[in-house]
Amino acid sequence: MKYYSLTDNNNTASFSEAVIRGLAPDRGLYFPESTPRLDESFLADIATKSMVEIGVEVMRPFVGGTIPEVRLEKIVTDTLCFDFPVNKINDNTATLELFHGPTMAFKDVGARFMARCIGYFNEQSPKKVTVLVATSGDTGGAVASGFLGIEGTEVIILYPKGKVSHIQELQLTTNGNNIKAVEVDGVFDDCQEMVKSAFIDEDLKGKLNLTSANSINVARWLPQSLYFFFAYQQFQRMGIDKKLAFSVPSGNFGNICAGIVAKRLGLPISHFIASTNSNDTVPRYLQTQDYQPNPSKQTISNAMDVGNPSNFIRIQSLYGNDFDALKQDFSSYAYNDVETKLALAELHQKHNYVADPHGAVGYLGLQHFLANNPDHYGVFLETAHPIKFRDTVEETLGLTLEIPTQIQHILDKTPEKTSLSGYDAFKDYLLSQAV
Ligand SMILES: *Cc1c(COP(=O)(O)O)cnc(C)c1O
């Protein structure tokens with residue numbers, strides 16, 4: 001399997017090249033040249049398969065021979081070290097919980113898979129890889145945990161000072177080993193800008209082998225299609241045979257795009273709902289056919305505060321840039337913070353389910369779709385554990401959340417971080433790491 005750049009289709013790469021580069025040299029996103037359908041018998045027997053069997057079968061063509069089968073199996077096994085349970089909400093609705101991993105957000109799967117792929121490629125040509133990642137909260141923690149102790153890698157996380165939650169900051173700053181945290185005097189966009197500047201800085205070329213762990217990386221993006229298979233497997237076991245609709249709380253639209261890939265591979269998914277907060281660029285686009293990105297707005301579901309979703313171009317490519325074809329399979333609705341809090345309360349009061357604000361947005365989008373399409377069975381993705389948005393959830397529901405063990409063990413650790421301001425200071429910091 002080759003990957004081509006969405007900026008210039010003539011720029012191609014193998015899986016390993018695409019993973020190590022992150023972006024194509026022309027700054028385009030890499031895209032797989034095909035999405036080969038899985039064997040019918042594989043899907044027919046999916047209820048009997050293990051998660052690792054599913055993982056290897058789905059990822060094999062994308063890895064395209066750049067990782068030997070035995071090693072791929074080990075990478076998938078290490079990646080899938082937790083469960084993805086489906087939880088029934090009512091007769092035609094369920095949630096798929098993606099937050100049982102080490103940092104309690106769905107990004108654990110992509111980060112763990114990518115880290116282990118880089119670890120393998122690095123054994124083949126030993127040259128320390130420096131992974132840069134800018135985070136507004138969840139990504140950094142998942143990447144830190146995913147790369148912790150991976151031979152030949154060093155991770156530098158940039159986060160905006162005072163703009164991540166206490167728990168998120170602890171997840172970024174208490175890892176030690178090959179993980180370093182840099183607190184930037186500024187906002188998320190400043191962190192992102194510093195990462196971009198480092199990538200094009202000629203003075204750093206040759207001194208550092210830089211890569212990015214943001215969701216544009218194919219090794220972070222593609223394994224997310226596995227969740228949809230795990231959900232389908234559970235629906236098979238539960239005997240649910242209605243048409244399936246998935247509502248995905250969306251920010252950069254990587255997760256939902258991976259779901260559409262799963263459909264291309266043969267998974268019978270009837271409809272996708274991209275549920276967003278007030279950052280409504282895609283819902284507006286579906287109404288007007290005019291793509292007008294806005295600056296990002298701050299909301300209580302902050303992992304989706306994205307004004308110009310980078311993966312939407314991949315979704316359009318999957319539909320051959322055909323607007324009508326896209327609309328057949330794909331809807332998108334936006335909700336503000338007041339609506340999100342009401343949904344949190346409704347889920348709790350009516351269904352005895354404690355969601356997080358992102359999951360609540362997913363629930364709202366799903367309710368809207370099911371009201372017009374009652375022949376479907378609907379699933380919304382719960383992308384983070386409510387504890388990660390503790391203040392909002394506790395205040396809205398008037399309860400105290402129990403602290404899960406994954407979070408408990410970091411609470412009494414001491415944060416270690418470097419504080420700096422401006423690109424020049426960051427560059428000096430990077431050069432000091434290049435030994
Ligand atoms: C990253 C994230 C999202 C958005 O996922 P995309 O793939 O960027 O659309 C949603 N919810 C949570 C909790 C996240 O961390």
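That block above? That's the structure.
So, here's what we can say about the structure. (Residues numbered from 1 in each chain as written. Predicted model: local features only at pLDDT ≥ 70, side-chain atom pairs only at ≥ 80, totals over all residues. Heavy atoms only, no water.)

1. Points about the overall build of the chain
Across its full length, the chain holds 19 helices and 14 strands. Its C-alpha radius of gyration of 21 Å places the chain within 12% of the 22 Å reference for a compact globule of 435 residues. Along the longest, intermediate and shortest principal axes, the C-alpha atoms of the chain span 60 × 50 × 45 Å. Looking at the chain residue by residue over its 435 residues, the buried ones come to 57%. Considering only intrachain contacts with a sequence separation of at least 6, the fraction spanning at least 24 residues in the chain is 75%. If you sum the accessible surface of the chain, you get close to 17,200 Å²; carbon and sulfur atoms cover 46% of it. Charge-centre separation for the chain: the mean point of 37 positive side chains lies 2 Å from the mean point of 50 negative side chains. (Helix = DSSP H or I, 4+ residues; strand = E, 2+ residues; numbered from the N terminus. Rg over C-alpha atoms; globule rule 2.2 N^0.38 Å. Buried < 20%, exposed > 50% of the residue type's maximum accessible area, 1.4 Å probe, protein only. Contact = heavy atoms within 4.5 Å. Areas by Shrake-Rupley, 256 points an atom, 1.4 Å probe, with all protein chains shown as cover. Lys, Arg positive; Asp, Glu negative; His and termini not counted. Charge placed at Lys NZ, Arg CZ, Asp CG, Glu CD.)

2. With respect to the layout of surface pockets
Over the atoms rolls a probe the size of a water molecule, and in doing so it shows where empty space is left. Empty space within the second largest pocket amounts to approximately 210 Å³. Lining the second largest pocket are 13 residues, and of these S145, L148, N175, H409 and I410 sit closest to its centre. Examining the composition of the lining of the second largest pocket, we find that three residues originate from one element, helix α6 (residues 138–147), more than from any other. In the lining of the second largest pocket, the residues fall into four nonpolar, eight polar and one charged. (1 Å grid on protein atoms, 1.4 Å probe; cavity = no way out; pocket = protein on both sides within 12 Å on 5 of 7 lines; lining within 4 Å. Points joined across faces, edges and corners; volume = space filled by probe spheres on them. Nonpolar A, V, L, I, M, F, W, Y, C, P; charged D, E, K, R; others polar.)

3. Regarding the environment of R220
Mapped onto the elements, R220 comes out in helix α9 (residues 218–221). On a C-alpha basis, the gap between R220 and V19 in space is 8.8 Å, while along the polypeptide they are 201 residues apart. Every residue in contact with R220, bar those within four places of it in the chain, is listed here: K107, G110, A111, M114, T139, V143, A213, N214 and S215.

4. Observations concerning the packing of aromatic side chains
Applying the stated criterion to the full structure yields 22 aromatic pairs. Seen in terms of ring centroids, F426 and Y429 are 6.5 Å apart; in terms of plane orientation they differ by 20°. Their pairing is stacked. Pair noted here: F426 and Y429 are both in helix α19 (residues 423–433), with a separation of three residues, about one helical turn. The pair formed by F426 and Y429 is uniform in burial state, with each residue classed as buried. Taken together, the aromatic side chains of F82, F84, F106, Y227, F228, F230, F246 and F272 make up a single cluster linked through ring pairs. (Phe/Tyr/Trp six-rings, centres within 6.5 Å; stacked < 30°, edge-to-face > 60°.)

5. Some details on the packing of α6 against helix α7 (residues 166–173)
Between α6 and α7, the shortest axis-to-axis distance is 8 Å and the interhelical angle comes to 30°. Judged by the angle between their axes, α6 and α7 are roughly parallel. The element α6 and its partner α7 pack so that their crossing is left-handed. Note on element contacts: α7 touches α6 through Q168, Q171 and L172, opposite D138, G140, G141 and A144. When the residues that make up the contact of α6 with α7 are grouped by side-chain class, the tally is two nonpolar, four polar and one charged. (Axes fitted to C-alpha atoms, helices over the stretch in contact; angles between N-to-C directions. Parallel < 35°, antiparallel > 145°, perpendicular 65-115°, else oblique. Left-handed = near helix turned anticlockwise from the far one by under 90°.)

6. Quick notes on the site of the ligand
Near the ligand there are 15 residues, and of these K107, G251, N252, F253 and T383 occur at the shortest range. N252 has a polar backbone atom sitting 2.8 Å from an oxygen atom of the ligand. For the ligand, an oxygen atom lies 2.9 Å from a polar atom in the backbone of N255. Look at the ligand: alone it shows 380 Å² of surface, and the protein chains cover 96% of it. When grouped by side-chain class, the residues that make up the shell around the ligand number six nonpolar, seven polar and two charged. (Near = heavy atom within 4 Å. Polar contact = N/O pair within 3.5 Å; in protein donor to acceptor, adjacent residues only side chain to side chain.)

7. A closer look at the pairing of strand β4 (residues 86–90)
Here four bridges tie β4 to strand β5 (residues 93–97), and the two strands are oriented antiparallel to one another. Along β5, the bridge assignment pairs V86 with L96. Where β4 folds back on β5, the antiparallel hairpin that results is connected by two residues. (Pairing = 2+ DSSP bridges.)

8. As for the sheet that holds strand β1 (residues 3–5)
The three strands lie next to each other as β2-β1-β3, forming an open sheet whose pairing is antiparallel. Among the strands making up the open sheet, the edge pair consists of β2 (12–13) and β3 (30–32).

9. Description of the side chain of K388
Turning to its location among the elements, K388 is positioned in the loop between β13 (376–382) and α17 (390–397). Reaching out from K388, the side chain makes a polar contact with the side chain of D138 at a distance of 2.8 Å.

10. Quick look at helix α8 (residues 188–200)
Between its first and last C-alpha atoms α8 spans 19 Å; for 13 residues at 1.5 Å apiece the expected length is 18 Å, and the two agree. Contacts from the buried residues of α8 go to β6 (129–134), β7 (153–160), β8 (179–184), β9 (210–212), β14 (418–420) and α19. (Expected span 1.5 Å × (residues − 1).)

11. Regarding the sheet that holds β6
Hydrogen bonds between backbone atoms are what pair the strands of a sheet, whose relative direction is either parallel or antiparallel. If you trace the five strands from one edge of the open sheet to the other, you get β9-β6-β7-β8-β14, paired in parallel fashion. Looking at strand neighbours, the two that pair on one side only are β9 and β14, the edges of this open sheet. Pairs of neighbouring strands in the sheet enclose a mean axial angle of 25°, with direction left out of account.

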